[in-house]
Amino acid sequence: AQSVTQLDSQVPVFEEAPVELRCNYSSSVSVYLFWYVQYPNQGLQLLLKYLSGSTLVKGINGFEAEFNKSQTSFHLRKPSVHISDTAEYFCAVSEPLKAAGNKLTFGGGTRVLVKP
Amino acid sequence: DVKVTQSSRYLVKRTGEKVFLECVQDMDHENMFWYRQDPGLGLRLIYFSYDVKMKEKGDIPEGYSVSREKKERFSLILESASTNQTSMYLCATGGLRGQGALGYTFGSGTRLTVV
């Protein structure tokens, strides 16, 4: 069974500082990996995804993530955050080519609070 | 863009009531999902469907059922609502069966309070 662990439940950060959100997963097969963002009172929006190829993935709003197979990690980074990045961030994993459909397994989420 | 519409943004129901949460998508996606979101627990899968009249249990199906009579509509049913079902419920839709979740589209959520 797949599982996803987000190591930090909350991350306070000052505006224009860098931020890193950590995500580790466990799976017995190769996976697809995702980061979603949820702004207050909204649904989830896809930030970026890793399917195959380059291990450094760039997403929207200046975010990027690096897939590390040996460490089973998919950490999300942004070099300089804005107040508008205040949100909750979710890491998720899916197993590809699952015959009976496919589903995402999510981590517990990381709340990012950007302070002026 | 795929649009996923959840019929209610906020709901307040009484313990023991039968509750219907509706989700409609405007694309021809086969897969539809219901998750609940609770602080610190992230999103947990309740049920999903990969075709009309098909349904699969997710990780926490107890106390819930679903209905998918048409491809575009996926309903979550709480047979007898209880206070521990107070939560945010999120519907999602995604591509073709067997393609490993190439990015889902989520609705805005329904915040259900059971009193």
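Cut-offs used in this document
- Residues numbered from 1 in each chain as written.
- Chains lettered and ligands numbered in written order.
- Predicted model: local features only at pLDDT ≥ 70, side-chain atom pairs only at ≥ 80, totals over all residues.
- Heavy atoms only, no water.
- Helix = DSSP H or I, 4+ residues; strand = E, 2+ residues; numbered from the N terminus.
- Rg over C-alpha atoms; globule rule 2.2 N^0.38 Å.
- Buried < 20%, exposed > 50% of the residue type's maximum accessible area, 1.4 Å probe, protein only.
- Contact = heavy atoms within 4.5 Å.
- Pairing = 2+ DSSP bridges.
- Axes fitted to C-alpha atoms, helices over the stretch in contact; angles between N-to-C directions.
- Salt bridge = Lys/Arg side-chain N within 4 Å of Asp/Glu carboxyl O.
- Phe/Tyr/Trp six-rings, centres within 6.5 Å; stacked < 30°, edge-to-face > 60°.
- 1 Å grid on protein atoms, 1.4 Å probe; cavity = no way out; pocket = protein on both sides within 12 Å on 5 of 7 lines; lining within 4 Å.
- Points joined across faces, edges and corners; volume = space filled by probe spheres on them.
- pLDDT = per-residue confidence, 0-100.
- Disulfide = S-S within 2.5 Å.

Chemist: Lay out the overall build of chain A in plain terms, naming residues and giving numbers.
Modeler: For chain A, the helix and strand inventory stands at zero helices and 12 strands. Shown N-terminal to C-terminal, the secondary structure of chain A runs as helices and strands in the order β-β-β-β-β-β-β-β-β-β-β-β. Taking 13 Å as the expected radius of gyration for a compact globule of 116 residues, we find that chain A reaches 14 Å, a close match to that expectation. When its C-alpha atoms are laid out on the principal axes, chain A stretches across 45 × 30 × 20 Å. Split into buried and exposed, the 116 residues of chain A put 47% on the buried side. If you take every contact in chain A between residues at least 6 apart in sequence, the share linking residues at least 24 apart comes to 56%.

Chemist: Lay out the environment of Tyr47(B) with the relevant residues and their values.
Modeler: Residues and elements named next belong to chain B. On the secondary structure map, Tyr47 appears in strand S5 (residues 42–49). In the structure, Tyr47 is positioned 12 residues away from Asp59 in sequence and 7.8 Å away in space, judged by C-alpha atoms. Apart from the residues within four sequence positions on either side, Tyr47 is in contact with Phe33, Trp34, Glu56, Lys57, Gly58, Pro61, Tyr64, Ser65, Val66 and Phe74.

Chemist: Give me the sheet that holds strand S7 (residues 64–70) of chain B: which residues, what numbers.
Modeler: Backbone-to-backbone hydrogen bonds pair the strands of a sheet. The strands run either parallel or antiparallel. All names here are of chain B. Strand order in the open sheet made by the four strands is S1-S3-S8-S7, with antiparallel pairing throughout. Whereas interior strands pair on both sides, the edge strands pair on one side only; in this sheet they are strand S1 (4–6) and S7. Sheet twist, expressed as the average angle between the axes of neighbouring strands with direction ignored, equals 20°. Pairing analysis gives five bridges linking S7 to strand S8 (residues 73–78), with the strands arranged antiparallel. Across the sheet, Tyr64 pairs through a bridge with Leu78, a residue of S8.

Chemist: Could you give me a rundown of the pattern of salt bridges, with the residues and numbers involved?
Modeler: For the structure on display, the rule yields 11 salt bridges over all chains. Residue Glu64(A) is joined to Lys58(A) by a salt bridge in which the shortest nitrogen-to-oxygen separation is 2.8 Å. Between Asp38(B) and Arg44(B) there is a salt bridge whose closest N-O contact spans 2.8 Å. Accessibility expressed as a relative area gives 11% for Asp38(B), which makes it buried.

Chemist: Please provide a residue-by-residue account of the packing of aromatic side chains, values included.
Modeler: Working definition: an aromatic ring pair is given by the centre-to-centre distance plus the angle between the planes. According to the stated counting rule, one finds 14 aromatic pairs over all chains in the structure shown. Where Phe106(A) meets Tyr35(B), the ring centres are 5.3 Å apart and the plane angle is 90°; that geometry is what we call edge-to-face. Here Phe106(A), found in strand S11 (residues 105–106), pairs with Tyr35(B), found in strand S4 (residues 31–38), and the two come from separate chains. A residue is classified by how much of its surface remains accessible, and Phe106(A), at 7% relative accessible area, is buried. A residue is classified by how much of its surface remains accessible, and Tyr35(B), at 0% relative accessible area, is buried. Taken together, the ring pairs connect Phe34(A), Tyr36(A), Phe90(A), Phe106(A), Phe33(B), Tyr35(B), Phe48(B), Tyr104(B) and Phe106(B) into an aromatic cluster.

Chemist: So, empty space enclosed by the protein: which residues are in play, and what are the values?
Modeler: All chains considered together, the criterion is met by one cavity of 30 Å³ or more. There is about 30 Å³ of room inside the largest cavity. Lining the largest cavity we find Asn41(A), Arg9(B), Tyr10(B), Met88(B) and Arg111(B).

Chemist: Explain the pairing of strand S5 (residues 32–38) of chain A residue by residue, including any values.
Modeler: Residue and element names in this part refer to chain A. In terms of residue burial, S5 counts as a mostly covered element, since seven of its seven residues are buried. Both faces of S5 are covered, namely the face carrying Tyr32, Phe34, Tyr36 and Gln38 and the face carrying Leu33, Trp35 and Val37. The sheet contact formed by S5 and strand S6 (residues 44–50) spans six bridges and is antiparallel. Within the sheet, the bridge partner assigned to Tyr36 lies in S6 and is Leu46.

Chemist: I'd love a proper account of the confidence of the model for chain B, names of residues and values included.
Modeler: Per-residue confidence for chain B averages 90 on the pLDDT scale, and 90% of its residues sit at or above 70. Taking the mean pLDDT of every element in chain B, the minimum, 88, falls on strand S10 (residues 105–106) of chain B and the maximum, 97, on S8(B).

Chemist: I'd like to hear about the state of the cysteines, residue by residue, with values.
Modeler: Within this structure, the stated rule accounts for two disulfides over all chains. Between the sulfur atoms of Cys23(A) and its disulfide mate Cys91(A) the distance is 2.0 Å. With the S-S bond torsion at -70°, the cross-link from Cys23(A) to Cys91(A) turns out left-handed. Placement of the pair is Cys23(A) in strand S4 (residues 23–26) and Cys91(A) in strand S10 (residues 87–94), with a sequence separation of 68 residues. What makes Cys91(A) buried here is its relative accessible area of 0%. Each sulfur of the disulfide joining Cys23(B) and Cys91(B) lies 1.9 Å from the other. One quick way to see it: the torsion about the S-S bond of Cys23(B) and Cys91(B) is about -75°, and its sign makes the bridge left-handed. Placement of the pair is Cys23(B) in strand S3 (residues 19–25) and Cys91(B) in strand S9 (residues 87–94), with a sequence separation of 68 residues. The exposure class of Cys91(B) is buried, given its relative accessible area of 0%.

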